[in-house]
Amino acid sequence: MADQPTPRRLVIENCAVATVDAGNTRHERGHLVISDGVIEAVGAGPAPAPARGTGEVRRVDAEGHLATPGLVNTHHHFYQWLTRGMATDHNLFDWLVALYPVWARIDEPMVGAAARASLAMMARGGVTTASDHHYIFPRGSGDLLGATIAAGREVGIRLTATRGSMDRGESDGGLPPDFAVESTEEALRATEEAVDTHHDPSFGSMLHIAAAPCSPFSVSTDLMREAAALARRKGVRLHTHGSETVEEEKYCHELFGMGPTEYFETTGWLGEDVWMAHCVHMTDADVAAFARTGTGVAHCPSSNARLAAGIARVPDLLRAGVPVGLGVDGTASNEAGELHTELRNALLVSRLGPHREKALGVDDALRLATMGGARVLGRDREIGSLEPGKLADVVLWRLDGLGHSTIVDPVAALVLGPPAPISLALVGGEPVVEDGRLLTVDEEAVAREARTQARRLADAAP
Ligand SMILES: [Zn+2]
């Protein structure tokens, strides 16, 4: 009989556990057993004694910690890491017009460095699955999607890399300058090639590809329709920006004679394989259309505040049954670049709306950042909660230090307190962060390279 490989087991004990399962089960003092990258057991009290012959076991005494599912970031633009802190007093359209000419000079080394930095920053903050929306492909700039994918592999977290696009330049009534857009045919060909080359739909996949034309004001109606058809033919998801600002709403009414959600419906862009960033300006009918079709939302509260976009109706969306996750958004409109800020701001911003103190609670915020995100990215069978059979994407947050030791509820400590130190972050059972340090890449080297590439871009910009 051939030798069986030794199962790789990890036992985590003595910590609070927030499972984010359907009943929001929490254990004040509990355990997790991980075997070959998958959660085998989770529960209250000490871990059950291992069966004979289960091989070597690593034990972690997690006294003073909270275990949660790894965080899921559903919307980002990694390349923007090189243009942070610019146009800080602008609304969306003015900010875009100021930055398009700079962004149109990006190339492969720049995008690689920005993606490594964006991913490293998120991983260091407990993100174990991230999504990138890249939509600017200047002619001759190299393999930008490939650079992003390589960075994901290096940092070691799961990635949904979307192949974005823009084909409606200024001369066609769009917002971006003509030199920043592709032709409709180029965009579709490159999207199809990205799916064929990179998309891995298997259980535990480290890489998904999605089709992601940028927004109604930078993409032709033909490209919207064709991208949706392509994604459905290939069995991949669809992503775009929608209903972000009042200016976008006005633009849609002027150009298409209807609001953004109606426009999305007529172009095949509502469905359970679609997730949309922002969705701030939604009527009751829009919320109902998202709920009816299962269309997901990437809620980006910090970016929405930074660009004076408004407050998304997240409590209404959740009540209607719409899948909602959280997004950092690009770091040119959210310089913090990590997801803790979004958990905290999702709760705080929701309390400023009409629901006041009946808006989001701390468990709701954690759910948005985990199961909510997993649903939005179509991965809720694999990740998003701590349940037997799911992938071991787990974060151990240290809550017995100065910042958190007196906050009575561990989930409140995580959401409302300062960013909690991470003692261990696992992706498929593999440590990516230990004692606050990234194990996969050298943070200092990533920071230096990002700075070098940001300078190159600044020098190339008009
Ligand atoms: Zn965005």
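Residues numbered from 1 in each chain as written. Predicted model: local features only at pLDDT ≥ 70, side-chain atom pairs only at ≥ 80, totals over all residues. Heavy atoms only, no water.

The name an unreviewed UniProt entry gives the protein is 8-oxoguanine deaminase, with Streptomyces calidiresistens as the organism.

## Quick notes on the nonpolar core
The condition that has to hold: Definition used in this section: a nonpolar core is a set of buried Ala, Val, Leu, Ile, Met, Phe, Trp, Tyr and Cys residues joined via side-chain atoms within 4.5 Å. Accessibility here uses a 1.4 Å probe with only protein chains present; expressed as a share of the type maximum, an area under 20% marks a residue as buried, one over 50% as exposed, and anything in between as partly exposed. Runs of H or I in DSSP of at least four residues are treated as helices and runs of E of at least two as strands, each being numbered from the N terminus. Residue ranges for the domains trace back to a domain assignment, done automatically or taken from a database. Throughout, a contact is declared for two residues whenever any of their heavy atoms are within 4.5 Å.
Trp 95, Leu 96, Trp 103, Leu 119 and Trp 397 are the most contacted members of the largest nonpolar core, which has 123 residues in total. With nine residues, the top contributor of residues to this core is helix 2 (residues 108–124). The residues that make up this core include at least three from each of domain 1 (9–69 + 385–438) and domain 2 (71–377). With residues up to four places along the chain from it excluded, the contact list for Leu 96 reads Trp 103, Leu 175 and Phe 217. Residues Leu 10, Ile 34, Ala 62 and Leu 424 belong to the second largest nonpolar core, which totals 16 residues.

## Quick notes on unusual backbone geometry
Across the chain, the bulk of peptide bonds are trans and the bulk of non-glycine residues have phi less than zero. Unlike most non-glycine residues, Val 20 shows phi in positive territory, near 55°. With respect to the helices and strands, Val 20 occurs in the loop between strand 1 (9–18) and strand 2 (26–35). By relative accessible area, which is 4% here, Val 20 ends up buried. Of note, the phi angle at Arg 356 is positive, near 45°, even though the residue is not glycine. For Arg 356, a relative accessible area of 57% translates into the label exposed.

## Considering the packing of aromatic side chains
Working definition: an aromatic ring pair is given by the centre-to-centre distance plus the angle between the planes. The following threshold applies: Geometry of aromatic contacts follows a simple scheme: Phe, Tyr and Trp rings, the Trp one being its six-membered ring, pair when their centres are within 6.5 Å, and the pair is stacked under 30 degrees between planes, edge-to-face over 60, tilted otherwise.
Here the structure, examined in full by the defined rule, presents nine aromatic pairs. With a centroid separation of 5.2 Å and an interplanar angle of 90°, the aromatic rings of Tyr 79 and Trp 103 are classed as edge-to-face. Residue Tyr 79 is found in the loop between strand 6 (71–73) and helix 1 (92–103), and its partner Trp 103 is found in helix 1; the two are separated by 24 residues along the sequence. For Tyr 79, a relative accessible area of 1% puts it in the buried group. On the basis of an interplanar angle of 75° and a centroid distance of 6.4 Å, the ring pair of Tyr 251 and Phe 256 is categorised as edge-to-face.

## Some details on the coordination of the zinc ion
This is how it is decided: Donor atoms (N, O, S) are those found within 2.8 Å of the metal centre, with the cutoff raised to 3.2 Å for Na, K and Ca; water is not part of the atom list, so apparent gaps in a site can occur. For four-coordinate sites, all angles between 85 and 135 degrees define a tetrahedron; for four- and six-coordinate sites, opposite donors beyond 155 degrees with the remaining angles between 65 and 115 define square planar and octahedral shapes respectively, and all other cases count as irregular.
Protein-derived coordination of the zinc ion comes from His 75 (NE2), His 77 (NE2), His 241 (NE2) and Asp 329 (OD), at a distance range of 2.1 to 2.3 Å. Considering all four donor atoms around the zinc ion, angles at the metal cover 89 to 177° and the coordination shape is irregular. Along the chain, the residues that donate to the zinc ion are spaced as H-x1-H-x163-H-x87-D. With His 241 in strand 10 (residues 237–242) and Asp 329 in the loop between strand 13 (324–326) and helix 11 (340–351), this pair connects stretches of sequence that are 88 residues apart. Assessed through its relative accessible area of 4%, Asp 329 is described here as buried.

## Digging into the side chain of His 75
Short version of the rule: Identification of polar contacts relies on pairs of N or O atoms within 3.5 Å, with a donor-acceptor requirement for protein atoms, meaning one able to donate a hydrogen and the other able to accept it, and with residues adjacent in sequence counted only if both atoms are side-chain atoms.
In this structure, His 75 sits in the loop between strand 6 and helix 1. By relative accessible area, which is 0% here, His 75 ends up buried. Engagement of the side chain of His 75 in a polar contact is seen with the side chain of His 239, the distance being 2.9 Å. Setting aside anything within four residues of it in sequence, one finds His 75 in contact with Ser 131, His 133, His 239, His 241, Ala 277, His 278, Ala 298, Cys 300, Leu 326, Gly 327, Val 328 and Asp 329.

## Regarding the domain arrangement of the protein
For clarity, the threshold we go by: Accessible area, probed at 1.4 Å, shrinks when two parts are joined; the buried area is that loss added up over both. Salt bridges, as used here, are contacts in which a Lys or Arg side-chain nitrogen is within 4 Å of a carboxyl oxygen on Asp or Glu.
The domain architecture assigned to the protein consists of domain 1 (9–69 + 385–438) and domain 2 (71–377). For domain 1 and domain 2, the distance between their C-alpha centres works out to 30 Å. Counting residues at the interface gives 32 residues for domain 1 and 26 residues for domain 2. Taking both partners together, domain 1 and domain 2 bury about 2300 Å²; carbon and sulfur atoms supply 67% of that area. Linking domain 1 with domain 2 are two salt bridges, by the criterion used here. Between Asp 363 and Arg 26 there is a salt bridge, and its shortest N-O distance comes to 3.0 Å. Viewed at the interface, domain 2 and domain 1 are joined by seven residue pairs in polar contact (both at pLDDT 80 or more). When residues in the side of domain 1 that touches domain 2 are grouped by element, the largest group, five residues, is from helix 13 (residues 410–416).

## Describing the environment of Asp 273
The topology assignment puts Asp 273 in the loop between helix 7 (260–266) and strand 11 (274–278). Residues Asp 273 and Ala 228, spaced 45 residues apart in sequence, show a C-alpha to C-alpha distance of 9.8 Å. Filtering out sequence-adjacent residues up to four positions away, Asp 273 remains in contact with Arg 232, Arg 237 and Leu 238. Among the polar contacts made by the side chain of Asp 273, one reaches the side chain of Arg 232 at a distance of 2.9 Å.

## Thoughts on the packing of helix 2 against helix 14 (residues 443–460)
Rules: The angle between two axes is taken between their N-to-C directions and runs from 0 to 180 degrees, where each axis is a line fitted to C-alpha atoms and a helix contributes only its stretch in contact. Small angles under 35 degrees read as roughly parallel and large ones over 145 as roughly antiparallel, with 65 to 115 read as roughly perpendicular and the rest as oblique. For a crossing to be left-handed, the near helix must be turned anticlockwise from the far one by less than a right angle; the clockwise case is right-handed. Polar here means any residue other than Ala, Val, Leu, Ile, Met, Phe, Trp, Tyr, Cys and Pro, which are nonpolar, and Asp, Glu, Lys and Arg, which are charged; Gly is therefore polar.
Relative to each other, helix 2 and helix 14 sit at 140°, their axes nearing to 9 Å. Relative to helix 14, the element helix 2 is oriented oblique. Along this stretch, helix 2 crosses helix 14, giving a crossing that reads as left-handed. Contact with helix 2, carried on its side by Pro 109, Met 110, Ala 113, Arg 116, Ala 117, Ala 120 and Arg 124, involves Glu 443, Val 446, Glu 449, Ala 450, Gln 453, Arg 456 and Leu 457 of helix 14 and no other residues of that element. By residue class, the composition of the contact of helix 2 with helix 14 is eight nonpolar, one polar and five charged.

## Observations regarding the packing of helix 2 against helix 3 (residues 144–155)
Two numbers describe how helix 2 lies on helix 3: the axes approach to 8 Å, and their chain directions differ by 35°. Crossing handedness for the pair helix 2 and helix 3: right-handed. Listed contacts from helix 3 to Glu 108, Val 111, Gly 112, Ala 115, Arg 116, Leu 119, Ala 120 and Ala 123 of helix 2 are Leu 144, Ala 147, Thr 148, Ala 151, Gly 152, Glu 154 and Val 155. Residues of the contact of helix 2 with helix 3, tallied by class, amount to nine nonpolar, three polar and three charged.

## Section: the pattern of salt bridges
Following the criterion strictly, the structure yields 25 salt bridges and no others. A salt bridge links Arg 163 to Glu 182; the shortest N-O distance between them is 2.8 Å. Linking Arg 163 in strand 8 (residues 158–165) with Glu 182 in the loop between strand 8 and helix 4 (184–198), this pair joins segments that are 19 residues apart in sequence. By relative accessible area, which is 6% here, Arg 163 ends up buried. The class for Glu 182 is buried, based on a relative accessible area of 13%. Connected through shared salt-bridge partners, Glu 192, Asp 196, Arg 233 and Lys 234 make up one network.

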